[in-house]
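Coordinates in review
Each chain, written out:
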Amino acid sequence: MSEALARTNIYTEEDYYNLPEDVRAELIDGQIYYMAAPSRIHQEILSFLHLEIGNYLHSKKGPCKVYPAPFAVKLFEDDDRNVVEPDISVICDPNKLTDRGCTGAPDWIMEIVSPSNSSHDYIRKLNLYADAGVREYWIVNPMNQSVWVYFLEQDKFNAAAYTFQEKIKVNIYDDLWIDFTELRM
């Protein structure tokens, strides 16, 4: 007598967009990951980063735009099994922008870690973003006041750890530094 194998549902972009509007979730490798509402500290950090980056990009008058979550990013054009909502997305190619968000890898992604999703950001998303061609990925951890910076360009790959007591250089820009001491946490 044979046993029936347990089958995991594989979800697609269509399933993701059919979720109720008040549900926060991401679609990674065909699996839906639900997200809890962010904490106050998470939102303070998100607001700080969005303003710092937005002000810099505005002063440069270039093509790059910054988008805070919720903002849908379909990382691979021909793959309907991955749609993420990074906390911060910086996109410099206006052709990647759609009415739904972004199709293709953003130039820079930042994630702010929550206690319930740390392995998700440090492992699953790091690999996904590297595979998609994201140039730079920052993981901001409010619990231990650290920032991991991954410069993912193949010929210059680098990973470095910082604290909230430091001013951190953005690798994809020549003259942008984020001073985390200004958070006053």
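The sections below set out a description of the structure shown in this document. (Residues numbered from 1 in each chain as written. Predicted model: local features only at pLDDT ≥ 70, side-chain atom pairs only at ≥ 80, totals over all residues. Heavy atoms only, no water.)

1. Here's the deal with the sheet that holds strand β3 (residues 65-68)
The condition that has to hold: Only strands that DSSP links by at least two bridges are regarded as paired with each other. Strands are runs of DSSP state E lasting at least 2 residues, helices are runs of H or I lasting at least 4, and numbering of each runs from the N terminus. Here the axes come from fitting lines to C-alpha atoms, over the contacting stretch only for helices, and the angles between their N-to-C directions go from 0 to 180 degrees.
Taken in spatial order, the six strands of this open sheet run β3-β6-β9-β10-β11-β12, and their pairing is mixed. The open sheet has two free edges, formed respectively by β3 and β12 (158-163), since each of these has just one partner strand. Neighbouring strand axes in the sheet, compared pairwise and without regard to direction, differ in orientation by 15 degrees on average. As judged from the three bridges shared by strand β6 (residues 88-91) and strand β9 (residues 108-112), these two strands associate in the antiparallel manner. Along β9, the bridge assignment pairs Ser89 with Ile109.

2. Comments concerning helix α3 (residues 118-132)
Going by this rule: For a helix, the expected span equals 1.5 Å multiplied by the number of residues minus one. Fitting one axis to the seven residues ending at a residue and another to the seven starting there, the bend at that residue is the angle between the two axes. Categorising residues by exposure relies on relative accessible area from a 1.4 Å probe, with only protein chains included: less than 20% of the type maximum marks a residue as buried, more than 50% marks it as exposed, and the intermediate range marks it as partly exposed. Here a residue-residue contact requires only that any non-hydrogen atoms of the pair lie within 4.5 Å.
For α3, which comprises 15 residues, the first-to-last C-alpha distance of 20 Å matches the rise-based estimate of 21 Å (1.5 Å per residue) to within 8%. The axis of α3 is deflected most strongly, by about 40 degrees, at Lys125. Of all the positions in α3, only His120, Asp121, Lys125, Leu126, Leu128, Tyr129 and Ala132 are classed as buried. The elements touched by buried residues of α3 are β1 (25-28), β2 (31-34), β5 (83-84), β9, β10 (136-141) and β11 (146-151).

3. Re the side chain of Asp179
This is how it is decided: Counted as positive: Lys and Arg. Counted as negative: Asp and Glu, with His and the chain ends omitted from the count. The term salt bridge refers to a pairing of a side-chain nitrogen on Lys or Arg with a carboxyl oxygen on Asp or Glu at a separation within 4 Å. Here a polar contact is taken to be a pair of N or O atoms separated by no more than 3.5 Å, where protein atoms must pair a possible hydrogen donor with a possible acceptor and residues adjacent in sequence count only if both atoms sit in side chains.
Inspection of the secondary structure assignment puts Asp179 in strand β14 (residues 177-179). Lys167 is the oppositely charged side chain nearest to the buried, salt-bridge-free Asp179, at an N-O distance of 5.3 Å. At 2.5 Å, the side chain of Asp179 and the side chain of Thr181 are in polar contact. Here Asp179 is in contact with Phe48, Glu166 and Lys167, once residues within four sequence places are set aside.

4. Observations concerning the state of the cysteines
Operational definition: When two cysteine sulfur atoms lie within 2.5 Å, the pair is treated as a disulfide.
Evaluated as defined, the whole model comprises one disulfide. Each sulfur of the disulfide joining Cys64 and Cys92 lies 2.0 Å from the other. Around the S-S axis, the bridge from Cys64 to Cys92 shows a dihedral of about 105 degrees and counts as right-handed. Of this pair, Cys64 sits in the loop between α2 (40-60) and β3 while Cys92 sits in the loop between β6 and β7 (97-98), placing them 28 residues apart in sequence. For the residue pair Cys64 and Cys92, the accessibility class agrees, reading buried in each case.

5. Digging into the pairing of β1
Of the two faces of β1, both are covered, the one formed by Ala25 and Leu27 as well as the one formed by Glu26 and Ile28. Looking at chain direction, β1 and β2 are connected through four bridges and run antiparallel. Each bridged residue has a counterpart across the sheet, and for Ala25 the counterpart in β2 is Tyr34. Adjacent in sequence and paired antiparallel, β1 and β2 are bridged by two residues, among which Asp29 carries a positive phi angle near 50 degrees.

6. Some remarks on unusual backbone geometry
The step from Ala69 to Pro70 runs through a cis peptide bond, and the omega angle for that step is 0 degrees. Tracing the sequence through the fold places Pro70 in the loop between β3 and β4 (72-74). At Asp29, a position not held by glycine, the phi torsion is positive, near 50 degrees. Following the sequence through the fold, Asp29 ends up in the loop between β1 and β2. Residues other than glycine seldom take positive phi values, yet Lys61 does so here, at roughly 55 degrees. As for its placement among the helices and strands, Lys61 is situated in the loop between α2 and β3. According to the relative accessible area criterion, Lys61 is exposed, its value standing at 70%.

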